[in-house]
Amino acid sequence: MTPLETESGVRRYGLFIDNEFIPASTETYIDVTNPATGEVWAQVPDASEADVDRAVASARKAFEGDWAGWRAADRAKFLIRFGQAIADNADEIAQLQVDENGKLIREMAGQARLMPEYFNYYAGLAQMPTGNTNPLHLKDIFNYTVREPLGVVAAITPWNSPLLLLVWKLGPALAAGNTVIAKPSEITPVSTLRIAELAAEAGLPPGVFNAITGLGGPGAALTTHPGVDKIAFTGSTATGQAIASAAGKSLKSVSLELGGKSPNIVFDDADLDSAMNGLIAGIFGASGQTCMAGSRILVQDNIYDEVVEELVIRTERIKVGNPQDDTSEMGTIASKAQYDKVLHYIEVAKNEGAKLVAGGSPARVEGFEDGLFIRPTVFANVRNDMRIAQEEVFGPIAAVIPFTDEADAIRIANDTEFGLAAGVWSQNIQRAHRVGAQLKAGTVWINNYRKTGYATPFGGYKQSGVGRENGPNALLEYTEEKSVWVDTGQGVKDPFNPRA
Ligand code: NDP
């Protein structure tokens, strides 16, 4: 990707509108910092309202113009080409994200390899019929329903998995025939600009996929813009609430994938070795910066001490290090603000009386003295009413809570404002399903944790969101349904004199 200019090694990128990089209408730029080194390596425009208007006008024109003429089969072929372009550039895409958010290259490379599969899946679904013929109570009327694209979709995305979470929106939105404006987090904007460019190279007409960058202003401007038909958002619950109320004023459709405080529940009949791996992956994968993090570890009281002891041993073994190094097991926290937030919650937990048993401080990584590394941290003796058990930290902090029996586990698990995900570890198949059925969460993993895929829905109950991403129904979330009535009789009779 060619920057508009490079000054002292810092690459300055433009907004991507109408298949071109263009400078913003303001001279204000946002620094993009590598959280492992502390170096500013790129700058992106802080787009103004005029830039947002321009992106929306372009997306609207494309929706009503060239793109409307593409058949579902054409859109499907494009999605497959787009996926191939991502596969061909997977190393670069993974690297850009590591430079933006400090996650492990292993994880980002894995995600980059997976993204084409999402496009392949929605390419298939693009050609599946989504309408019905409907038997009615009336004679001589034939009724059918068709699904039509909504129009212009704004995809507002976070920094933790910048591209995968965008792909979750792009696949179904484009398959259904919408145009998309992506607004990435200001922490991770460059990777989104790059895949917008790849979409253009794969043959997407100008305006079908625009990407604008900015801090605060452009995201909010999209939520109230009359030219935007839907907001698809992933991020914090507080921002999701702000978006839903702003979008509500013009009755835009919204889908919100928000925060979590997910319980990972271990019964005394679990395969403990497997459960330990699931607990560790659940909270320390991605340095705990995932909406689905298993941040509340619920352990049956008769195995509590044993599990905590083993958790400490395995936590202390985790290698925090250079995200580029394949042997590192945890990278950085993505931004200074998030780093401060995680350290703050460590103090909150200590002050509340939780017992710090592992980690609890920044990690020093040789050669990366300015890096935002935090040691994986475990608190034992946590009560579910403590802030550390109720508030989303979005960092590598496990809160371990004891429970007595099934009913107690279910009560504690559901005693949260969130409802994104939950894990159940038990070798008793009846128990695992019984408990799973009573958990108020959009995803339940039984004897595994932190898995997602294109073919099954993901989303939250309660304050964890609205709507579902992935799976066949995600396509429908990017459509309007139209009901069509056709007279198949002898014509319409005079309504005031029906016998005539
Ligand atoms: P936010 O939820 O505030 O931001 C996510 C996205 O929303 C960004 O693109 C942001 O861009 C945009 N945004 C912010 N405010 C508005 C608004 N009023 N209207 C429209 N768009 C808006 O996350 P943060 O990055 O500030 O992180 C804060 C916390 O959010 C984390 O500590 C974590 O707890 C949680 N989080 C949850 C995620 C999840 O996957 N569920 C992902 C990331 C964070 P901009 O700020 O540039 O406007």
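What counts, and where the lines are drawn
Throughout, residues of each chain are indexed from 1 in the direction in which the sequence is written. Predicted model: local features are reported for residues with pLDDT of at least 70 only, side-chain atom pairs are reported and counted for 80 or more only, and whole-chain, interface and lining totals are derived from all residues. No hydrogens and no water enter the side-chain calculation; it runs on all heavy atoms of the structure. Axis lines are fitted to C-alpha atoms, over the contacting stretch for helices. Their N-to-C directions set the angle, which ranges from 0 to 180 degrees. For the purposes of this entry, the term helix denotes a DSSP run of H or I that reaches at least four residues, the term strand denotes a run of E that reaches at least two, and both are numbered from the N terminus. An angle below 35 degrees is treated as roughly parallel, one above 145 as roughly antiparallel, one from 65 to 115 as roughly perpendicular, and anything else as oblique. Handedness of a crossing is defined here by the sense of rotation of the near helix relative to the far one, left-handed for an anticlockwise turn of less than a right angle and right-handed for a clockwise turn. Whether two residues are in contact is decided by their heavy atoms, any of which lying within 4.5 Å being enough. The nonpolar class holds Ala, Val, Leu, Ile, Met, Phe, Trp, Tyr, Cys and Pro. Asp, Glu, Lys and Arg form the charged class, and all remaining residues, Gly among them, are polar. Working definition of a nonpolar core: buried Ala, Val, Leu, Ile, Met, Phe, Trp, Tyr and Cys residues. They are joined through side-chain atoms within 4.5 Å. The rule is simple: take the accessible area with a 1.4 Å probe, protein chains only, and divide by the maximum for that residue type; under 20% is buried, over 50% is exposed, in between is partly exposed. Domain ranges listed in this record stem from an automatic or a database domain assignment. The pairing criterion is simple: DSSP has to find at least two bridges between the two strands. We call a residue near a molecule or strand whenever a single non-hydrogen atom of that residue lies within 4 Å of it. Polar contact is defined as a pair of N or O atoms within 3.5 Å, subject to the rule that within protein one atom must be able to donate a hydrogen and the other to accept it, and that residues adjacent in sequence are counted only when both atoms are side-chain atoms. Method for areas: the Shrake-Rupley scheme with a 1.4 Å probe, in which residue coverage is limited to the protein chains shown. Cavities and pockets were defined on a 1 Å grid built from protein atoms only: a cavity is a group of points that admits a 1.4 Å probe but offers it no way out, a pocket is an open group of points flanked by protein on both sides within 12 Å along at least five of seven lines, and a lining residue is one with an atom within 4 Å of any such point. A pocket or cavity is taken to hold a molecule when more than half of that molecule's atoms are within 2 Å of the pocket's grid points.

Caption draft 1: Just the packing of helix α1 (residues 49-64) against helix α7 (residues 217-224), in detail. At their nearest, the axes of α1 and α7 sit 9 Å apart, and the two run at 50° to each other. Between α1 and α7, the angle falls in the class oblique. Here α1 and α7 pass one another in a crossing that is right-handed. Residue-level inspection shows Glu49, Val52 and Val56 of α1 in contact with α7, the latter providing Pro218, Ala221 and Leu222. Partitioning the contact of α1 with α7 into residue classes produces 5 nonpolar, no polar and 1 charged.

Caption draft 2: Spatial organisation of the nonpolar core. With 102 residues, the main nonpolar core has Phe78, Phe82, Leu170, Ile195 and Phe209 as its most contacted residues. Here this core gets 12 residues from one element, more than from any other, and that element is helix α4 (residues 105-126). For this core, the domains that each give at least three residues are domain 1 (4-258 + 460-483) and domain 2 (263-446). Excluding residues that lie within four positions of it along the chain, Phe78 makes contacts with Trp70, Leu174, Ala199, Ala202, Gly203 and Leu204. With 33 residues, the next largest nonpolar core counts Phe267, Phe403, Ile410 and Ile412 among its residues.

Caption draft 3: Inspection of the sheet that holds strand β14 (residues 296-300) at higher detail. Sheet architecture is open: 7 strands sit in the order β15-β16-β17-β14-β13-β18-β19, paired in mixed fashion. Single-partner strands in this sheet number two, and they are β15 (355-358) and β19 (443-446). With strand direction ignored, the average angle separating the axes of adjacent strands in the sheet is 25°. The pairing of β15 with strand β16 (residues 377-380) spans 3 bridges and is classified as antiparallel. Paired with Ala358 across the two strands is Val378, which belongs to β16. Relative to β16, helix α11 (residues 336-352) is tilted by about 20°, and along the sheet it contacts β15, β16 and β17 (397-403).

Caption draft 4: Seen up close, the site of the ligand. In the region of the ligand, 28 residues are neighbours, and Trp159, Glu186, Ser236, Gln338 and Lys341 sit closest. Side-chain polar atom of Trp159 to an oxygen atom of the ligand: 2.6 Å apart, as the coordinates give it. Within the side chain of Gln338, a nitrogen or oxygen atom sits 2.7 Å from an oxygen atom of the ligand. Contact with the protein chains hides 84% of the accessible area of the ligand, taken as 870 Å² for the molecule alone. The cavity that encloses the ligand is the largest pocket. Broken down by secondary-structure element, the contributors of at least two residues to the shell around the ligand are α7, β11 (230-234), α8 (237-249) and α11. Looking at the shell around the ligand, the element that brings in the most residues is α7, giving 3 residues. Class assignment for the residues of the shell around the ligand results in 11 nonpolar, 13 polar and 4 charged.

Geometric descriptors of this kind do not, in isolation, establish any biological role.
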